[in-house]
Amino acid sequence: MREKIQKSSYLLTVVMTCLTLIAFAANSVLCRLALGDSNIDPAGFTAIRMISGAFMLALIVLLSRKQRVAYQRFELRSVMSLKNTQGWISSAMLFGYAVFFSFAYVRLDTASGALILFATVQLFMIGVGIVKGQHLTSKEWLGVMLSFAGFVYLMLPSATQPSLVGFLLMLIAGVFWAFYSLLGRYAQQPVMLTAENFIRCIPIALICLWFSLFFYSLSWEGVWYAVASGAVASGLGYSLWYLVLTKITITQAAISQLTVPLIAALGGVIFINEPVTTELIISASLILFGIFLVSVKPKQSD
């Protein structure tokens, strides 16, 4: 009986992990679908994504029955208090990621954008560990160098070279997301904390939305892509991810995210008819294998 329960729990974790990774990749695909055909501008997409994500996460928190005591603190006055310095910094990192992510995808295809974003996040967090005194083995240094070589190869002058501006914008988005992840890794109530971070983004999101409505015309198609990205891929996706993180190790979490660029590339091929170039395949192989070498730790002997 215990084995059946453990097997069911394991399968549920696998399903939840797969759904989460698809949600992460869906953000890239939805952003490209919205911005690629000029259905919506980057500022408007970011604003609607943040606002719809805030509403979805707030609804999840308020409807939850498992942690009522903790959620009694979920009040707008406390969430928006200027005394909560770390909360506002986290929200700034979240919005910074979202806005640079959107502007980058005006110039990048789905696969390249996802590869640059997630590789930047992983390498930045590895770099933080090195600065804090973490010592890398020869294998791990090899992984770092391979990943860096993959970045260099991706940006070498060629017919399929990604936009340099798009590359830099997505690089900055990755740094923002890495900071955001580091700030929230010890959260006691991660879903509620994420909801609060999204809610604090609403004021600046409304300013971006006003700017977008004033200078651009938003199509309903673009708006729905942004709502799907915010409410489903971000709101539900991030909540599901935090549930998954309680059931898997940090190494498993790091390695599993390496599949996101591949899923995003597949989505770009299916939904946007984007080509997968030889240069992208070689670059992705170098970067992902390099990060894999750093992420996988040797088993400790008993």
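Structure report, in brief. (Residues numbered from 1 in each chain as written. Predicted model: local features only at pLDDT ≥ 70, side-chain atom pairs only at ≥ 80, totals over all residues. Heavy atoms only, no water.)

### What to know about the overall build of the protein chain
Cut-off, in case you're wondering: Secondary structure is summarised from DSSP: a helix means a run of H or I of at least four residues, a strand means a run of E of at least two, and numbering begins at the N terminus for each. Type-normalised accessible area, obtained with a 1.4 Å probe on protein chains alone, sets the label of each residue: buried when under 20%, exposed when over 50%, and partly exposed for intermediate values. Contact between two residues is taken to exist if any of their heavy atoms lie within 4.5 Å; hydrogens are not considered.
Per the secondary structure count, the protein chain includes 14 helices and zero strands. When the helices and strands of the protein chain are read in sequence order from the N terminus, they spell out α-α-α-α-α-α-α-α-α-α-α-α-α-α. When each of the 302 residues of the protein chain is scored for burial, the buried share is 48%. Considering only residue pairs separated by 6 or more positions, the protein chain has 88% of its internal contacts joining residues 24 or more positions apart.

### Notes on a nonpolar patch on the surface
Worth spelling out the cut-off: To count toward a patch, a residue needs a relative accessible area above 30% and no salt bridge. Like charges then connect within 9 Å, nonpolar side chains (Val, Leu, Ile, Met, Phe, Trp, Tyr) within 5 Å. Every accessible area reported is derived by Shrake-Rupley at a probe size of 1.4 Å, with residue values counting cover from the shown protein chains alone. Any Lys or Arg side-chain nitrogen located within 4 Å of an Asp or Glu carboxyl oxygen qualifies as a salt bridge.
Residues Leu 266, Val 269, Ile 270, Phe 271, Val 276 and Ile 281 make up a contiguous nonpolar surface patch of roughly 570 Å² in combined accessible area. A per-element tally of the nonpolar patch places helix α13 (residues 260-272) first, with four residues. Here Ile 281 lies in helix α14 (residues 278-295).

### Observations concerning the packing of aromatic side chains
Heads up, the condition is: Stacked, edge-to-face and tilted labels apply to pairs of Phe, Tyr and Trp rings (six-membered ring for Trp) whose centres lie within 6.5 Å, assigned for plane angles under 30 degrees, over 60, and everything in between, in that order. Lysine NZ or arginine CZ positioned within 6 Å of the ring centre and within 35 degrees of the ring normal marks a charge as sitting over the ring.
Counted by the stated rule, this structure contains 15 aromatic pairs. Taken together, the ring pairs connect Phe 24, Tyr 97, Phe 101, Tyr 105, Phe 118, Trp 177, Tyr 180, Phe 198, Tyr 238 and Trp 241 into an aromatic cluster. Across the ring face of Phe 101, the terminal group of Arg 49 is positioned such that the distance to the ring centre comes to 5.2 Å.

### Description of helix α7 (residues 138-154)
How we decide: Multiplying 1.5 Å by the residue count of a helix minus one yields the expected span of that helix. Picture the helix axis, draw a direction to every C-beta atom, and the arc is the one those directions span.
Over its 17 residues, α7 runs 24 Å from end to end, which matches the ideal 24 Å to within 8%, given 1.5 Å per residue. Of all the residues in α7, the buried ones are Glu 140, Gly 143, Val 144, Ser 147, Gly 150, Phe 151 and Leu 154. Angularly, the buried residues of α7 cover 120° about the axis, an arc narrow enough to put them on a single face. For α7, exposure combined with an orientation more than 90 degrees from the buried face picks out Ser 138, Met 145 and Phe 148.

### What about the environment of Leu 169?
Position of Leu 169 relative to the elements: it lies in helix α8 (residues 164-183). Leu 169 sits 64 residues away from Tyr 105 along the chain, and the two C-alpha atoms are 8.8 Å apart. When residues no more than four places from it in sequence are discounted, the contact partners of Leu 169 are Phe 100, Phe 103, Ala 104 and Arg 107.

### Some points on unusual backbone geometry
One non-glycine residue with positive phi stands out, namely Asn 273, at about 60°. Mapped onto the elements, Asn 273 comes out in the loop between α13 and α14. The exposed category is assigned to Asn 273, whose relative accessible area is 66%.

### Concerning the nonpolar core
For clarity, the threshold we go by: The term nonpolar core refers to a set of buried residues drawn from Ala, Val, Leu, Ile, Met, Phe, Trp, Tyr and Cys, joined through side-chain atoms within 4.5 Å.
Counting residues in hydrophobic clusters, the biggest one holds 78 residues, and the most contacted among them are Met 50, Leu 94, Tyr 97, Phe 101, Tyr 105 and Met 170. Filtering out sequence-adjacent residues up to four positions away, Tyr 105 remains in contact with Ser 28, Cys 31, Arg 32, Leu 35, Thr 110, Gly 113, Ala 114 and Met 170.

### What to know about the side chain of Ser 234
The following threshold applies: Pairing of N or O atoms within 3.5 Å defines a polar contact, subject to two protein rules: one partner must be a possible hydrogen donor and the other a possible acceptor, and residues neighboring in sequence count only if both atoms are side-chain atoms.
Relative to the elements of secondary structure, Ser 234 occurs in helix α11 (residues 220-245). Taking relative accessible area as the criterion, Ser 234 reaches 0% and is therefore assigned buried. A distance of 3.3 Å separates a polar atom in the side chain of Ser 234 from a polar atom in the side chain of Asn 27. Not counting residues within four places of it along the chain, the set of residues in contact with Ser 234 comprises Asn 27, Arg 49, Phe 198, Ser 229 and Ser 239.

### Quick notes on the side chain of Thr 20
Positionally, Thr 20 belongs in helix α1 (residues 2-36). Classification of Thr 20 as buried rests on a relative accessible area of 0%. In this structure the side chain of Thr 20 is engaged in a polar contact, spanning 2.8 Å, whose partner is the backbone oxygen of Met 16. Filtering out sequence-adjacent residues up to four positions away, Thr 20 remains in contact with Gly 237, Leu 240, Trp 241 and Val 244.

### So, α11
Keep this limit in mind: Axes are fitted to the seven residues ending at a residue and to the seven starting at it; the angle between these axes is taken as the bend at that residue.
The first and last C-alpha atoms of α11 sit 35 Å apart over 26 residues, in line with the 38 Å expected at 1.5 Å per residue. At Ser 229, α11 shows its largest kink, close to 30°.

### A look at the environment of Ser 285
If you trace the backbone, Ser 285 turns up in helix α14. Sequence separation between Ser 285 and Ser 147 is 138 residues, and the spatial gap between their C-alpha atoms is 8.8 Å. Of note is the side chain of Ser 285, whose polar atom sits 2.7 Å from the backbone oxygen of Ile 281.

### Structural notes on the packing of helix α2 (residues 42-63) against helix α5 (residues 85-104)
Each packed pair of helices is defined by two parameters, the angle between the axes and the distance between the axes. Basically, it comes down to this: Between N-to-C directions, angles span 0 to 180 degrees; the directions come from axes that are lines fitted to C-alpha atoms, helices contributing only their stretch in contact. Angles are sorted into four bins: roughly parallel if under 35 degrees, roughly antiparallel if over 145, roughly perpendicular if 65 to 115, and oblique for all others. For any pair of crossing helices, the crossing counts as left-handed if the nearer helix is rotated counterclockwise from the farther one by less than a right angle, and right-handed if it is rotated clockwise. Three categories are distinguished: nonpolar for Ala, Val, Leu, Ile, Met, Phe, Trp, Tyr, Cys and Pro, charged for Asp, Glu, Lys and Arg, and polar for the others, with Gly belonging to the last.
Look at α2 against α5: their axes get within 8 Å of each other, and the N-to-C directions meet at 140°. Comparing the axis directions of α2 and α5 gives the class oblique. Crossing of α2 over α5 shows right-handed handedness. Listed contacts from α5 to Pro 42, Ala 43, Phe 45, Thr 46, Arg 49 and Met 50 of α2 are Leu 94, Phe 95, Tyr 97, Ala 98, Val 99, Phe 101, Ser 102 and Phe 103. Split by residue class, the contact of α2 with α5 holds eleven nonpolar, two polar and one charged.

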